[in-house]
Each structure stands twice: as structure tokens, then as C-alpha cells.
Amino acid sequence: VFIGLGIMGQGMVSNLLSSGQSVVVWSRALAKCEEFAAAHAEGRVVVADSPRAVVEQCAVTYSMLSDPEASEAVFSGTAGVLAGVREGCVIVDCATLTPEHMDVMSA
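Attention in this report is confined to the structure presented alongside it.

### A look at the environment of G43
Right, so step 1: Looking at where G43 falls in the secondary structure, it is placed in the loop between α2 (30–39) and β3 (45–47).
Right, so step 2: G43 sits 32 residues away from F75 along the chain, and the two C-alpha atoms are 27 Å apart.

### What about the side chain of T61?
Right, so step 1: Its location among the elements puts T61 in strand β4 (residues 60–63).
Right, so step 2: Taking the relative accessible area as the measure of exposure, T61 reaches 1% and is therefore buried.
Right, so step 3: The contact partners of T61, leaving out residues within four places of it in the chain, are V1, I3, V54, V55, V90, I91 and V92.

### Some words on the side chain of S50
Right, so step 1: Along the chain, S50 turns up in the loop between β3 and α3 (51–57).
Right, so step 2: By relative accessible area, which is 11% here, S50 ends up buried.
Right, so step 3: At 3.0 Å, the side chain of S50 forms a polar contact with the backbone nitrogen of A53.
Right, so step 4: With residues near it in sequence (within four places) discarded, S50 still touches W26 and A79.

Cut-off values and rules
- Residues numbered from 1 in each chain as written.
- Predicted model: local features only at pLDDT ≥ 70, side-chain atom pairs only at ≥ 80, totals over all residues.
- Heavy atoms only, no water.
- Helix = DSSP H or I, 4+ residues; strand = E, 2+ residues; numbered from the N terminus.
- Buried < 20%, exposed > 50% of the residue type's maximum accessible area, 1.4 Å probe, protein only.
- Contact = heavy atoms within 4.5 Å.
- Polar contact = N/O pair within 3.5 Å; in protein donor to acceptor, adjacent residues only side chain to side chain.

Keep in mind that these numbers describe shape and distance, not what the molecule does.
Below, the structure written as C-alpha cells:
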């Protein structure tokens, strides 16, 4: 469900948990995921081992990354977001990206 557990990401995931949802999370700082999961011990937070794994497990994936460079790094490669995309999959990127960056990432 969620990639990026910075200040904004943690707040958004906390709201999903408050509404009763279970979540799959990944962050470049894996310790943030582990701390977040430990703080929500009811077992509704699953820590994925890659961005691709989040996308493969979820129908809708949100990403909250800090800048275009972070987005490109997390979206590309064999373990990246785009490698896990399949038909019917929805990706909601909440980063502040220019149209040019979005064109590069969608190619």
C-alpha cells in the first residue's frame, strides 16, 4: 500500500491503520519500517523487502518520496515499483514531480 515512511508517509499510513486497514510498507530507510511496524503490534503492518514487493501485493500503491531523484531510484530497476506493475494495478505518486520527470518514469 505505501512506499516512503517519512513524516508525510507515516501520517498517511497511520490514517489508513486508524480506519481499520492493513498495510504493506517499504522505505529506503528500512529501520523506519521496522520501527513503524513494531509500534503497531496488532500485526496489520507488513514490511516488504522492496518497492516491487509492495506493488505485487497491493492493488493500489501510494508513494510519498522526497524528490525526483528518490522517485527515479525507487521506481526503476528490477526491484523497483515499475517492475511490479501488472494490469489493473494503480500507482499514486505523491511526490512533487515535473511533467518531464513523469514522462521519463512512464516510459
